[in-house]
Amino acid sequence: MLVPAIKVLKPARERHYAVPALNINNLEALKAVIQAATKMRSPIIVQTSEGAIEYAGMDYLIAMVKVAAKAPIPVVLHLDHGKDLKIIKQAIQNGYTSVMFDGSALPYKENLAKTKQVVAWARAKKVSVEAEIGAIAGIEDFVSVADKDAHLTNPEQAAKFAKETKCDSLAVAIGTAHGAYKFKGETHLDIERLKKIAKLVKNPIVLHGASGVMEDVVKLAEYHGAKLGKARGVLDEDIKQAIKFGVSKINIDTDLRLAFTAGVREAMDQMVTVIDPRKLLEPAIVLMREVAMKKMILFKSEGKG
Ligand code: G3H
Ligand code: 13P
Ligand code: ZN
């Protein structure tokens, strides 16, 4: 069934597991993640970015997820990194059960005011709101470690922000980055900072940029010709620590993209005479489903749906 995010995130925070928030752009990815969640009896947050909406159309995405939510597990339809207030309002009015307002690039006061506005719209429709404080980005966006540090979430400011905006969940920056190239040197998450945040912020905490850039999938994609260079993701051990210290929603897109790419490349290599798109896309669905199931085990959401 389709539920607001807070319904699955509150118990996750209380019981120290995390709900996988998986990005989808098409039917194949949606089928893969819903099959995984059903098999693992895990709650799931299906999320679409503004880019996914531009690609697939909001109405198509809503209709597909409404059908997918007939599965016997709690399903959330979430707008990921909402920046455009018009799109956010549309999502709230048309059937999303959760929206993120990403004001992390705005001055503090503007982020605060716009987040409050989104919370007011969402409350009327029982839609959950994720807000963000601190900057989660690509490492290239920061010139030095000190500069990167200055962009990480300040625990006191996070507590004040969550209290004033009355958001449901809060995305924080503790060293992750989006994409396949998260770290230049050693992988490092600021778990001490997370501990301080979790002491002051009792809302479910959200970790973006959490893909592990899983070696087996990278290898498979590379074997079939993809060039991924020095791709590096978040270690499983760091994910476990993050969950232990308050992270209850974990965002994964890159690992699913890698699985999709590996599956498509493999199919193209091995089925040279096949022209049926359903057969060519099946290996991608299988690999994305496997990735999603691995995340549910790692996040301890298995059996919680
Ligand atoms: O955090 C961003 C997600 O990976 C979505 O990426 O905007 O290219 O769909 P996208
Ligand atoms: P990854 O790029 O690490 O998968 O992060 C996805 C994300 O944070 C979506 O909001
Ligand atoms: Zn993100």
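Whatever comes next refers back to the structure up there.
First, a word on what this report is: a plain description of the structure on this page. Model, not experiment: these values are computed from the prediction.

**Some thoughts on the coordination of the zinc ion (ligand 3)**
- Protein coordination of the zinc ion (ligand 3) is provided by His 81 (NE2), His 178 (NE2) and His 208 (ND1), with donor distances spanning 2.0 to 2.1 Å.
- As a motif over one chain, the donors of the zinc ion (ligand 3) read H-x96-H-x29-H. Taken together, the positions of His 178 in the loop between strand 6 (169–172) and helix 9 (191–200) and His 208 in the loop between strand 7 (205–207) and helix 10 (215–223) put the pair 30 residues apart, joining distant regions of the chain.

**Describing the site of ligand 2**
- Taken together, 15 residues form the shell around ligand 2, and within it Asp 80, Lys 182, Ser 211, Asp 253 and Thr 254 come nearest.
- Contacts to ligand 2 include Ala 210, whose backbone N or O atom sits 3.2 Å from an oxygen atom.
- A distance of 3.0 Å is found between an oxygen atom of ligand 2 and a side-chain nitrogen or oxygen belonging to Asn 251.
- Protein contacts shield 96% of the accessible area of ligand 2, which totals 310 Å² for the unbound molecule.
- Mapped by element, the contributors of at least two residues to the shell around ligand 2 are strand 3 (75–82) and strand 8 (247–252).
- For the shell around ligand 2, the class distribution of residues is two nonpolar, ten polar and three charged.

**With respect to the pattern of salt bridges**
- Enumeration over the complete set of coordinates arrives at 14 salt bridges.
- Its salt-bridge partner being Glu 14, residue Lys 10 comes within 3.4 Å of it at the nearest N-O pair. Of the two residues, Lys 10 and Glu 14 both sit in helix 1 (residues 5–15), four residues apart, roughly one turn of that helix.
- Between Asp 255 and Lys 295 there is a salt bridge, with its nearest N and O atoms 2.7 Å apart. Note that Asp 255 is positioned in helix 12 (residues 254–270) and Lys 295 in helix 13 (residues 277–298), a separation of 40 residues in sequence.
- Overall, Asp 255 belongs to the buried group, its relative accessible area being 1%.
- Linked through salt bridges whose partners overlap, the residues forming this network are Asp 276, Arg 278 and Lys 279.

**Observations concerning the site of ligand 1**
- The local shell around ligand 1 consists of Asn 23, Ser 49, Asp 80, His 81, His 178, Asp 253 and Arg 257.
- Contact distances for ligand 1 include 2.6 Å between an oxygen atom and a side-chain N or O atom of Ser 49.
- Between ligand 1 and His 178, the relevant distance is 3.2 Å, taken from an oxygen atom to a side-chain nitrogen or oxygen of the residue.
- In isolation ligand 1 offers 300 Å² of accessible surface; the protein chains occlude 65% of this area.
- Looking at side-chain class alone, the shell around ligand 1 contains no nonpolar, four polar and three charged residues.

**Here's the deal with the pairing of strand 4 (residues 98–101)**
- Neither face of strand 4 is left uncovered, since the one carrying Ser 98 and Met 100 and the one carrying Val 99 and Phe 101 both have all their residues buried.
- Looking at chain direction, strand 3 and strand 4 are connected through three bridges and run parallel. Considered in strand 4, the bridge of Leu 79 is made with Val 99.
- Once you follow strand 3 into helix 5 (residues 85–94) and on to strand 4, the crossover reads as right-handed.
- What joins strand 4 to strand 5 (residues 128–133) is helix 6 (residues 108–123), and the crossover it makes is right-handed.

**Quick word on the side chain of Arg 193**
- Relative to the assigned elements, Arg 193 resides in helix 9.
- The buried category is assigned to Arg 193, whose relative accessible area is 16%.
- Of the polar contacts made by the side chain of Arg 193, one reaches the backbone oxygen of Thr 153; its length is 2.9 Å.
- Here the side chain of Arg 193 touches Asp 190 through a polar contact of 3.0 Å, side chain to side chain.

Quick notes on the rules
- Residues numbered from 1 in each chain as written.
- Chains lettered and ligands numbered in written order.
- Predicted model: local features only at pLDDT ≥ 70, side-chain atom pairs only at ≥ 80, totals over all residues.
- Heavy atoms only, no water.
- Donors = N, O, S within 2.8 Å, 3.2 Å for Na, K, Ca; no water.
- Helix = DSSP H or I, 4+ residues; strand = E, 2+ residues; numbered from the N terminus.
- Near = heavy atom within 4 Å.
- Polar contact = N/O pair within 3.5 Å; in protein donor to acceptor, adjacent residues only side chain to side chain.
- Areas by Shrake-Rupley, 256 points an atom, 1.4 Å probe, with all protein chains shown as cover.
- Nonpolar A, V, L, I, M, F, W, Y, C, P; charged D, E, K, R; others polar.
- Salt bridge = Lys/Arg side-chain N within 4 Å of Asp/Glu carboxyl O.
- Buried < 20%, exposed > 50% of the residue type's maximum accessible area, 1.4 Å probe, protein only.
- Pairing = 2+ DSSP bridges.
- Right-handed = clockwise from strand over helix to strand, strands pointing away.

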